Amino acid sequence: MGVVILLVMAAGVALMLTRKLPTAFALALLAVAIAFLAGAPFTGKNSVLDTVLQEGAPALAATMIAIILGSWLGKLLDETGIAGTLVRKIVEFGGDRPTVVALGVLAVSALVGTVTGSAPAAMLAGIIGIPAMIAVGVPKVTAAGTVLMGIAVGIPFELPLWQFFSTALELPIPTVRGFMVKLFPFALAAALAFVLVETRRRGTEHAWSLKAVDSPGSSGAKPRSRRAELGDAPWYALLAPAVPLVLALGFELAIIPSLLAGVLYALVTTTRPGRMNKRLLRTLYGGFEVAAPPLVLFISIGILLAAVKLPGAVDALEPLVKAVSPHNPVVFVLVFTLLVPLCLYRGPLNVFGLGAGIAGVLIATGIYPAVAVLGMATSYNQVFGVADPTSTQTVWSAQYAGVSPQQVMVRTLPYVWAVALGGLCVTAATYL
């Protein structure tokens, strides 16, 4: 029966790769199929309806709340001009020096990447940052890759991601935080190497294919100040993206209160009291729109995790998974480093797809300790978040820069592959 379950999983991957079904729907159908194959009853204990669907759907509720709050804060950073101001200040400082401008956009991308992931983070940093980089001669593919590599630097400190791995892998937040801190230097080194190598190796390309963004004060009326013209946020408001991170990392405050503190700080430092109510509601509703796709995905991931943890599924899969899972640390690193491409194109090791189910199987069967699975999943996520041509942030950044997602993948993959190698080495040395 274990072989049949693996074949069903392969069919699920095929449905996602060929886009016959959206990922969320494919994962939910896959979960129900696995439950029936594992001999789960229709209702009752360890059943399809009560365990897989009823208990699985809200299993990642804490993660979903964190996603909503992160999206809310992201909308505030956009509407209040905090993100745009950060990018403009960096561009002004860099002047006509391509490498300096690119490093500045990289830093801003990393900062917003700690708040929210996916396309919203790319847009916050890239709407101004990508045209600015191209304008000073940074090649288009490098400009798009710089934003993505910057977001990858912020991913280890993305609080909703901490909550996701904590809930999905049943690990305490301090454990997740501890590994993410170890992963951060690899992400930072790879991002800096990307900017320094690619901007110098490719030289400058003074080509322009993007429409300039009109400033708010360009309608004919004379602006009262530079801030009114450009929409600059006050300098103290620029600390808003760092507030949740400082509270969660420095003071070890819980994730949801940390994100709420960031929302309130961004609001109070940029909005007059009489306008707070409308801005709160408007950005909250906008945050729900941004958060809707990942929320649906996390519901399906919770359902899939519940299915693969059923006793019948564990008994069927344990001998097969044990037979192919390396335990020697060196072999572990070699094998899983070679398998890095399987997290691309919504492949089977993508943690926001079937990879979540595979992680659940590895833990439920006792093949690897949960913290080792955490190391694998987070290492692969660094690759997916940058180089996957099907991820929303990669598609948006590439298209906005005027290149294809595949071009960005080819240019960035060697760097993020090295990040995954570093994470897997830390995992093997520490937890195996």
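First, a word on scope: everything that follows refers to the structure included in this document. (Residues numbered from 1 in each chain as written. Predicted model: local features only at pLDDT ≥ 70, side-chain atom pairs only at ≥ 80, totals over all residues. Heavy atoms only, no water.)

**Some remarks on the overall build of the chain**
Applied cut-off: Here a strand is any run of E in DSSP of at least two residues, a helix any run of H or I of at least four, and the numbering for each starts at the N terminus. Restricting the calculation to C-alpha atoms gives the radius of gyration, and the globule rule supplies 2.2 Å times the number of residues raised to the power 0.38. The buried label goes to any residue with under 20% of its type's maximum accessible area, the exposed label to any with over 50%, and the partly exposed label to all in between, with areas taken from a 1.4 Å probe on protein chains only. Any two residues whose heavy atoms approach within 4.5 Å at even a single point are treated as in contact.
Helices and strands together make up the secondary structure of the chain, namely 20 helices and zero strands. Compactness check: the chain gives a C-alpha radius of gyration of 22 Å against a globular reference of 22 Å for 432 residues, within 12% of the reference. Taken along its principal axes, the extent of the C-alpha atoms in the chain is 75 × 50 × 40 Å. Residues counted as buried form 55% of the 432 residues belonging to the chain. Of all intrachain contacts in the chain linking residues separated by at least 6 positions in sequence, the fraction that spans at least 24 positions is 79%.

**Some points on empty space enclosed by the protein**
Over the atoms, a rolled probe matching the size of one water molecule traces out where space is still vacant. As a reminder, the rule being used: Think of a 1 Å grid over the protein atoms and nothing else: a 1.4 Å probe that fits but is trapped marks a cavity, an open set flanked by protein within 12 Å on at least five of seven lines marks a pocket, and residues with an atom within 4 Å of a point count as lining. Grid points are joined across faces, edges and corners, and a volume is the space filled by probe spheres set on the points. Under the convention adopted here, Pro, Cys and the residues Ala, Val, Leu, Ile, Met, Phe, Trp and Tyr are nonpolar, Asp, Glu, Lys and Arg are charged, and Gly plus all remaining residues are polar.
Applying the stated criterion to the full structure yields two cavities of 30 Å³ or more. Leu349, Val351, Gly355, Ile358, Ala359, Leu362, Val373, Met376, Ala377 and Tyr380 together form the lining of the largest cavity. Listed by contribution, the elements that provide at least two residues to the lining of the largest cavity are helix H17 (354-364) and helix H18 (370-387). Considering only residue class, the lining of the largest cavity consists of nine nonpolar, one polar and no charged. Taken as a whole, the second largest cavity spans an internal volume of roughly 50 Å³. Lining the second largest cavity are Phe164, Phe165, Ala168, Leu169, Leu305, Val351, Ala356, Ala359 and Ala377. Residue contributions to the lining of the second largest cavity peak at three residues, all from helix H9 (residues 159-168). Taken together, the residues that form the lining of the second largest cavity break down as nine nonpolar, no polar and no charged.

**Brief notes about the packing of helix H4 (residues 61-79) against helix H13 (residues 255-268)**
Any two packed helices are characterised by how steeply their axes cross, that is the angle between the axes, and by the distance between the axes. Our working definition: To obtain an axis, a line is fitted to C-alpha atoms, over the contacting stretch when the element is a helix, and the angle between two such axes runs from 0 to 180 degrees between their N-to-C directions. Roughly parallel refers to an angle under 35 degrees, roughly antiparallel to one over 145, roughly perpendicular to one between 65 and 115, and oblique to any angle outside these ranges. With the far helix as reference, a near helix turned anticlockwise by less than a right angle produces a left-handed crossing, and one turned clockwise produces a right-handed crossing.
Contact geometry of H4 with H13 gives a least axis separation of 9 Å together with a crossing angle of 15°. When the axes of H4 and H13 are compared, the pair comes out roughly parallel. Our pair here, H4 against H13, has a crossing hand that is left-handed. Residue-level inspection shows Ala62, Ile65, Ala66, Leu69, Gly70, Trp72, Leu73 and Leu76 of H4 in contact with H13, the latter providing Ile255, Ile256, Leu259, Leu260, Gly262, Val263, Ala266 and Leu267. Among the residues making up the contact of H4 with H13, the classes are represented as 14 nonpolar, two polar and no charged.

**Here we look at the nonpolar core**
In globular proteins that are soluble, nonpolar side chains generally tend to be buried together. The criterion, for reference: Residue types Ala, Val, Leu, Ile, Met, Phe, Trp, Tyr and Cys, when buried and joined through side-chain atoms within 4.5 Å, form a set referred to as a nonpolar core.
Of all hydrophobic cores here, the largest spans 142 residues; its most connected members are Phe164, Phe165 and Ile301. When residues in this core are grouped by element, the largest group, twelve residues, is from H18. When neighbours within four sequence positions are excluded, Ile301 is seen to be in contact with Leu27, Leu60, Phe164, Val351, Phe352 and Ala356.

**Examining the environment of Ala261**
Among the structural elements, Ala261 can be located in helix H13. Separated by twelve residues in sequence, Ala261 and Pro273 place their C-alpha atoms 17 Å apart. In contact with Ala261, not counting residues within four places along its chain, are Val243 and Leu247.

**Brief notes about H18**
Counted only if it meets this: Here the expected span of a helix is defined as 1.5 Å times the quantity of residues minus one.
For H18, which comprises 18 residues, the first-to-last C-alpha distance of 26 Å matches the rise-based estimate of 26 Å (1.5 Å per residue) to within 8%. Most of H18 is tucked away, with 18 of its 18 residues classed as buried.

**Some details on the packing of aromatic side chains**
Put simply, the test is: Two rings belonging to Phe, Tyr or Trp (six-membered ring only in the last case) form a pair when the distance between their centres is within 6.5 Å. Interplanar angles under 30 degrees mark stacking, angles over 60 mark edge-to-face geometry, and anything in between is tilted.
Applying the stated criterion to the full structure yields 14 aromatic pairs. Aromatic pair Phe164 and Phe165: ring centres 5.1 Å apart, planes at 55°, arrangement tilted. In this structure, Phe164 and Phe165 share a single accessibility class: buried. On the basis of an interplanar angle of 50° and a centroid distance of 6.2 Å, the ring pair of Phe352 and Phe384 is categorised as tilted. Remark: Phe384 occurs in helix H18 and Phe352 occurs in the loop between helix H16 (329-338) and H17; sequence separation between them is 32 residues.

**A few points about the layout of surface pockets**
Approximately 960 Å³ is the volume found for the second largest pocket. Elements with a minimum of two residues in the lining of the second largest pocket: helix H1 (2-17), helix H2 (23-37), H4, helix H7 (118-135), H9, helix H14 (273-308), H18 and helix H19 (392-401). Counting residues per element, the lining of the second largest pocket draws most heavily on H14, which supplies six residues. In the lining of the second largest pocket, the residues fall into 24 nonpolar, twelve polar and three charged.

**Let's talk about a nonpolar patch on the surface**
Just so we agree on the cut-off: Put simply, a patch holds well-exposed residues, over 30% relative accessible area, that have no salt bridge, with like charges counted together within 9 Å and Val, Leu, Ile, Met, Phe, Trp or Tyr side chains within 5 Å. For accessible areas, the Shrake-Rupley method is used with a probe of radius 1.4 Å. Any residue's cover is judged against the shown protein chains and nothing else. Just to be clear on terms, a salt bridge is a Lys or Arg side-chain nitrogen sitting within 4 Å of an Asp or Glu carboxyl oxygen.
A contiguous nonpolar patch, built from Phe36, Phe42, Leu49 and Leu53 and spanning about 360 Å² of accessible area, is present on the exposed surface. Counting through the fold element by element, Leu49 comes out in helix H3 (residues 48-55).

**Concerning the packing of helix H8 (residues 140-154) against H18**
The interhelical angle for the contact between H8 and H18, taken along N-to-C directions, is 150°, at an axis separation of 9 Å. Here H8 is positioned roughly antiparallel relative to H18, judged by the angle of their axes. In the crossing of H8 with H18, the sense of the turn from one axis to the other is right-handed. Facing H8, whose interface residues are Leu148, Met149 and Ala152, H18 presents Gln382, Gly385 and Val386. Along the lines of polarity and charge, the residues of the contact of H8 with H18 split into four nonpolar, two polar and no charged.

**Thoughts on the state of the cysteines**
Rules: The criterion for a disulfide is a pair of cysteine sulfur atoms lying within 2.5 Å.
Summed over all chains, the structure comprises zero disulfides. Note on Cys343: no disulfide assigned, nearest cysteine sulfur contributed by Cys425 at a separation of 16 Å.

**Digging into H16**
Keep this limit in mind: Directions from the helix axis toward the C-beta atoms define the arc. Distance and chemistry together define a polar contact, namely a pair of N or O atoms within 3.5 Å, with one atom able to donate a hydrogen and the other to accept it when in protein, and with adjacent residues in sequence counting only for side-chain atoms on both sides.
Along H16, the positions that sit buried rather than exposed are Phe332, Val333, Phe336 and Thr337. Each buried residue of H16 lies within a common arc of 115° when the element is viewed along its axis, so the set occupies one face. When the buried face of H16 is taken as reference, the exposed residues oriented beyond 90 degrees from it are Val330, Leu334 and Leu338. Elements in contact with the buried residues of H16: H18 and helix H20 (405-431). One side-chain oxygen at the N-terminal end of H16 lies 3.0 Å from the backbone nitrogen of Val330; it belongs to Asn328.

Everything listed here is a matter of geometry and, on its own, says nothing about what the molecule does.
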